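An overview of the molecular structure
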Amino acid sequence: MEVYLSFVFLLYSISITRFYKNLLNKCKKVHDRDFSGIDDMYKPFVRYDYKNWSHLEIYLGAIFLLPMRLSMIFISLMICYLSLWIGSIGVPLK
């Protein structure tokens, strides 16, 4: 079962990545715009490595890390709820 589920997630991530890549190709690229005056205004914040960024790696990382982040958020909310529930045992809340 885990093999099928991982295969489904792999196909899902590839299809989402292709969709966003096609969507980005239709839009104007960030590094094609004219940012000539910004470098002088914000010298400490200038990034010179943006041309080396791989959008495919960024999207794949985001797609695979999202379920893990959502599960960690759910687990932390459950721990918070359980600790409040245990702490309020015997206290009349009405």
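Remember, it's a predicted structure, so these values are computed and weren't measured experimentally.

Examining the confidence of the model for the protein
- Across the protein, the average pLDDT comes to 83, with 89% of residues at or above 70.
- Averaged pLDDT values for the elements of the protein fall to 73 in helix α2 (residues 38-41) and rise to 91 in helix α3 (residues 55-87).

Description of a nonpolar patch on the surface
- A grouping of F74, I75, M78, I79, Y81, L82, W85, I86 and I89 is seen on the molecular surface, where their side chains present a nonpolar patch of about 970 Å² in accessible area.
- The topology assignment puts Y81 in helix α3.

A few points about the packing of aromatic side chains
- Under the defined criterion, the tally for this structure stands at two aromatic pairs.
- Ring plane angle 65° and centroid distance 5.3 Å describe the contact between F19 and Y20, whose orientation is recorded as edge-to-face.
- Overall, the relative accessible area of 47% leaves F19 in the partly exposed class.
- Judged by relative accessible area, which is 37%, Y20 ranks as partly exposed.
- Through successive ring pairs, a cluster of aromatic residues spans F19, Y20 and Y59.

Remarks on the packing of helix α1 (residues 2-26) against α3
- Look at α1 against α3: their axes get within 10 Å of each other, and the N-to-C directions meet at 135°. It follows from the interaxial angle that α1 and α3 lie oblique. Seen along the crossing, α1 lies across α3 with a hand that is right-handed. From α1, F9, Y12, S13, I16, T17, Y20 and L24 reach across to α3, where they touch H55, L56, Y59, L60, I63 and F64.

Basis of the calculations
- Residues numbered from 1 in each chain as written.
- Predicted model: local features only at pLDDT ≥ 70, side-chain atom pairs only at ≥ 80, totals over all residues.
- Heavy atoms only, no water.
- pLDDT = per-residue confidence, 0-100.
- Helix = DSSP H or I, 4+ residues; strand = E, 2+ residues; numbered from the N terminus.
- Patch = residues over 30% accessible without salt bridge, like charges linked within 9 Å, V, L, I, M, F, W, Y side chains within 5 Å.
- Areas by Shrake-Rupley, 256 points an atom, 1.4 Å probe, with all protein chains shown as cover.
- Salt bridge = Lys/Arg side-chain N within 4 Å of Asp/Glu carboxyl O.
- Phe/Tyr/Trp six-rings, centres within 6.5 Å; stacked < 30°, edge-to-face > 60°.
- Buried < 20%, exposed > 50% of the residue type's maximum accessible area, 1.4 Å probe, protein only.
- Axes fitted to C-alpha atoms, helices over the stretch in contact; angles between N-to-C directions.
- Parallel < 35°, antiparallel > 145°, perpendicular 65-115°, else oblique.
- Left-handed = near helix turned anticlockwise from the far one by under 90°.
- Contact = heavy atoms within 4.5 Å.

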